[in-house]
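Descriptive structure summary
Below are the chains, spelled out letter by letter.
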Amino acid sequence: MAYVAVKGGEQAILNSHKLIAEERRGDPTVPELSLEQIGDQFGLAIDRVMNEGSIYDRRLAALALKQARGDSAEAIFLLRAYRTTLPRIAVSEPIDTTQMTVRRRVSATFKDIPGGQLLGPTYDYTHRLLDFSLAEGGSKECLETPNTELPIDSDLSRVLDILDDENLVEQAVSHHGGKEPFDLTRSPKRLPAGRDQRLQNLARADEGFIVGLAYSIARGYSGSSHPYVAEIRLGELDVEIIPEDLGFPIAIAEVTVTECQMISLFHGSASTPAHFTRGYGLTFGHCERKAISMALVDRALRAREFDEEVRYPAQDEEFVLSHSDGVEATGLISHYKLPHYVDFQADLQLIRKMRAQTAGKQSPSDDR
Amino acid sequence: MTVVAAMSDIHSGFRDPVLDSQDAFRTVLSCNAYPGRTFTLSRSVDGPSPFCIATAALCLTLLDFETLVWLEDEVRTDKIVDWLTFHCGSPLTKDHREAQFAIVANAQSIPSLLEFRTGEIESPELSSTLIVQVPSLVDGPVTRWSGPGIRDSICPRIGGLSAQLWLDREMTRELYPRGLDVFFTSGSSIVGLPRTTNVEF
Amino acid sequence: MIQVMSSNTETSKGYNFAYLDEQTKRMIRRALLKALSIPGYQVPFGAREMPLPCGWGTGGIQVTASVIGPADRLKVIDQGADDTTNAISIRRFFKKVAQIVTTEKVDEATVIQTRHRVPETALIEGQILVYQVPQPEPLRGIAPRQIESRKLHAYAEYGAMQVTLYEDVARFGYIARIYEYPVMVNGRHLMSPSPIPKFDNPKMQNNPAIQLFGSGTEKRIYAVPPYTSVRSLDFDDHPFEVQKWKQSCAFCGSGTSYLDEVITDDRGGRMFVCSDTDYCAKRRGAQPGTSEVAGSPAGATAGSSS
């Protein structure tokens, strides 16, 4: 028989591209999805792709999802690869979440908070019953949001700032004193890492991985005590830059973000009295699950800061930073699909040698 | 002066920034891979005096806003500073001890090599690279180089260097893997001297 | 505004020559120079996200993209072969983003990107061999934490690696490592040769060509300059040796090249063929059926097969 194992690779690749294009499109009698439809109706998928793709552009994210046939990991990869090629034109000012136009804001620590609890859009209190009316081309329910009587404060202080007055919560101080934050997209990770590097990693990290780590913390695989959601807020913010020739800030974009501040009791040490410590999560779009998990993992990773023993994966900075990036992880996992003929051949030789030796040992006379 | 960009008194850079720097980099790579051999750039660049073609090409190839540059007195002129700022955007430092790149035209007058950055024990790559422009690469005293990149040995004749510089370099060799990497330039030619090379007289 | 590279409408419009922007290339070029200056030492670099997955050669691709120019002829091999799918894919990438001339012949190539093999044909001065490296840290199995392994390299504390190899000797009577076999470079830095079979290790030693290694996932670049000592770790009483086959290549008859085992039917039939397709084709073209050794630096090195 002729040996044809690896020939024709180029044609195979081209054919494979045609096949995925065909599968992506599906039945041509069904209308093709528009980016507007994906952007509007798969908003949460868009949010996740923007977060882990590290780029805030709903239309690009919609395109990536369309091209990836709805696979968020593939869409994130597409965005990341595109993002690398973009020039860095300016560095924005830090956003101030107290200036957020809030659509949702809840606290688990106080029943009533200045400015009020605002439930906003959430699946939290839906019953997870399939809505078959959606299958028939749309909900019959009224799509108009009821107007709230009370206007929402435009300057909502954070819940933690209220507790801060009593000095019960650690101060939220900038650890960097004006230093430019670490940027993992331009430098390899550097250990031990600062909180800036860790938070950037967590923000870009695979949601499933971070949720899993946070779950391990919740189940006791972490040194710290029960955490509380001091506040989650969702809303819109302006992103500003200060152009050199202007000298004052101008808004270049509006973004939706989710912010989560968690606190947990710290029993104090010889030098510090007991207080609440913070964990912080921030995501693009509406990604509460990710924001809460990020805040939990952020706190767990601060173990060294609080002289806590590092015993569990979620507290282990090198472990978390090395394994949380979804694009890196899927790449390496999928590389096992690549040909490994050469190493496998070496392994085959070795295993035959080992088995021959074992067989040899069974008859003493053959033993060398 | 030839083609001029934006400001009329700044010398030009590479004619084709993408392909010229690629070409120059390959020459530089060879210099570092085959220490002691003279490699000549195939493309020209009209840098500000007293930069020779090779010094200017090395700057355009390796420097940018991420590299902290120190200039020896003879090359710390307004023309050169403007040129480096315009084409490379490199921050400059007056402290040679923190420089990533040191550019030298008069090797007789520089501080001791022992004062430059030799890197950290866990990060020996965080060390200075010296670009030393010399009057000649062929009629200095004979030296015998050996080490990685050199089959047996090679005998370059770099001019314009003091005996003290060689002695200081010999001392930095004891710090390996920390150390200093040097490119000697003259005209459009370059000789590389990485930290691994053993130099005998 | 939208100009995403898609697998269907491939275009290099909107991208710089060789894909990477110039600043990224400069950063990588500086890392490459430091890597050559400290043979075998892993230089951290700001690896970018590439349009191919991590672990599929992104490190090698970034290195190649930073060195390659219009005057080059690029050869890409995977498992020694030019026609394996990933080799084709990477070659297509460079054809598209750099309009580079490609070749399958080692003799014609100026830059060779490889995964898992060193070509059988001896390389010459000026050629650049770029290795794709999934995992650059030879000590990963011993000290998985970077914070620790960096210290071990800093102080050349490699005793644990010798112990690990000796455990093999104690258990099996020989060192049971057959690829990714650790080497000592320039007598100082322990280095992973990437997952090449140990058969190829001796070719790294005193090679006239420039050997560059890139790991995109782990963001490390390292190098072996030409004419540099690359010693495979071993013991006086258990010297390093390379794999050998009883068989010869079924196509070209070579008795000295690395062979792939090919299953030919479902009744246990198999044959052995050269893993290096260019080498095999060259031998068949030149002198079919002979089993003469083509010049390879392997023969010249210490500790090779007895």
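Residues numbered from 1 in each chain as written. Chains lettered and ligands numbered in written order. Predicted model: local features only at pLDDT ≥ 70, side-chain atom pairs only at ≥ 80, totals over all residues. Heavy atoms only, no water.

Considering the overall build of chain A
Stated formally: A helix here means a DSSP run of H or I that spans at least four residues, while a strand means a run of E at least two residues long, and both kinds are numbered starting from the N terminus. Residues are treated as being in contact if the distance between any of their heavy atoms lies within 4.5 Å. The Shrake-Rupley method, run with a 1.4 Å probe, gives the accessible areas here. Residue values count only the displayed protein chains as cover.
Along chain A, the regular secondary structure elements total 13 helices and four strands. Put simply, 64% of the contacts in chain A that link residues at least 6 apart link residues at least 24 apart. Total accessible area computed for chain A in this model is approximately 21,500 Å², and 56% of it derives from carbon and sulfur atoms.

Regarding a nonpolar patch on the surface
The following threshold applies: In this scheme, patches are assembled from residues that exceed 30% relative accessible area and form no salt bridge. Like charges are connected within 9 Å, while nonpolar side chains (Val, Leu, Ile, Met, Phe, Trp, Tyr) are connected within 5 Å. We define a salt bridge as a side-chain nitrogen of Lys or Arg found within 4 Å of a carboxyl oxygen belonging to Asp or Glu.
A surface patch of nonpolar side chains, about 360 Å² in accessible area, is lined by A:Leu246, A:Phe248, A:Ile250 and A:Ile252. Mapped onto the fold, A:Phe248 is located in the loop between β2 (227-241) and β3 (250-266).

Considering the sheet that holds β2(A)
Residue and element names in this part refer to chain A. Keep this limit in mind: Here, a strand pair is defined by DSSP locating no fewer than two bridges between the strands. Fitted lines through C-alpha atoms give the axes, limited to the stretch in contact for helices. The angle between two N-to-C directions lies from 0 to 180 degrees.
Strand order in the open sheet made by the four strands is β1-β2-β3-β4, with antiparallel pairing throughout. Each of the sheet's edge strands pairs with one partner strand only, and the pair in question is β1 (101-106) and β4 (275-284). Each adjacent strand pair in this sheet contributes to an overall mean axis angle of 20°, direction not counted. Relative to β2, β1 is paired through five bridges, and the arrangement is antiparallel. Residue pairing for β2: Thr101 is matched across the bridge by Glu236.

Examining the packing of aromatic side chains
The test is simple: Planes of paired rings set the category: under 30 degrees apart is stacked, over 60 is edge-to-face and the rest tilted, where pairs are Phe, Tyr or Trp rings (Trp by its six-membered ring) whose centres lie within 6.5 Å. A 1.4 Å probe rolled over the protein chains alone gives each residue an accessible area, and that area as a share of the maximum for its type sets the label: buried under 20%, exposed over 50%, partly exposed in between. We call a charge positioned over a ring when the NZ of a Lys or the CZ of an Arg lies within 6 Å of the ring centre and within 35 degrees of the ring normal.
Following the criterion strictly, the structure yields 20 aromatic pairs over all chains and no others. Both rings, one in A:Tyr56 and one in A:Phe284, keep their centres 5.0 Å apart while their planes meet at 85°; by these two values the pair is edge-to-face. Note that A:Tyr56 is positioned in the loop between α3 (43-53) and α4 (58-67) and A:Phe284 in strand β4, a separation of 228 residues in sequence. Residue classification places A:Phe284 among the partly exposed residues on the basis of a relative accessible area of 26%. In textbook terms, an aromatic cluster arises when at least three aromatic residues are bridged by ring pairs, as seen for B:Trp145, B:Trp166, B:Phe184 and B:Phe201. The cationic tip of A:Lys353 hangs over the ring face of C:Tyr174; the distance from NZ or CZ to the ring centre is 3.8 Å.

With respect to the packing of helix α8 (residues 195-204) of chain A against helix α10 (residues 288-301) of chain A
Residue and element names in this part refer to chain A. The line we're drawing: To sort the angles, those under 35 degrees are grouped as roughly parallel, those over 145 as roughly antiparallel, those from 65 to 115 as roughly perpendicular, and the leftovers as oblique. Here is the rule for handedness: rotate from the far helix to the near one, and if that takes an anticlockwise turn smaller than a right angle the crossing is left-handed, while a clockwise turn gives right-handed.
At their nearest, the axes of α8 and α10 sit 10 Å apart, and the two run at 150° to each other. Judged by the angle between their axes, α8 and α10 are roughly antiparallel. Seen along the crossing, α8 lies across α10 with a hand that is right-handed. Of the residues in α10, those in contact with Arg195, Arg198, Leu199, Leu202, Ala203 and Arg204 of α8 are Lys290, Met294, Val297, Asp298 and Leu301.

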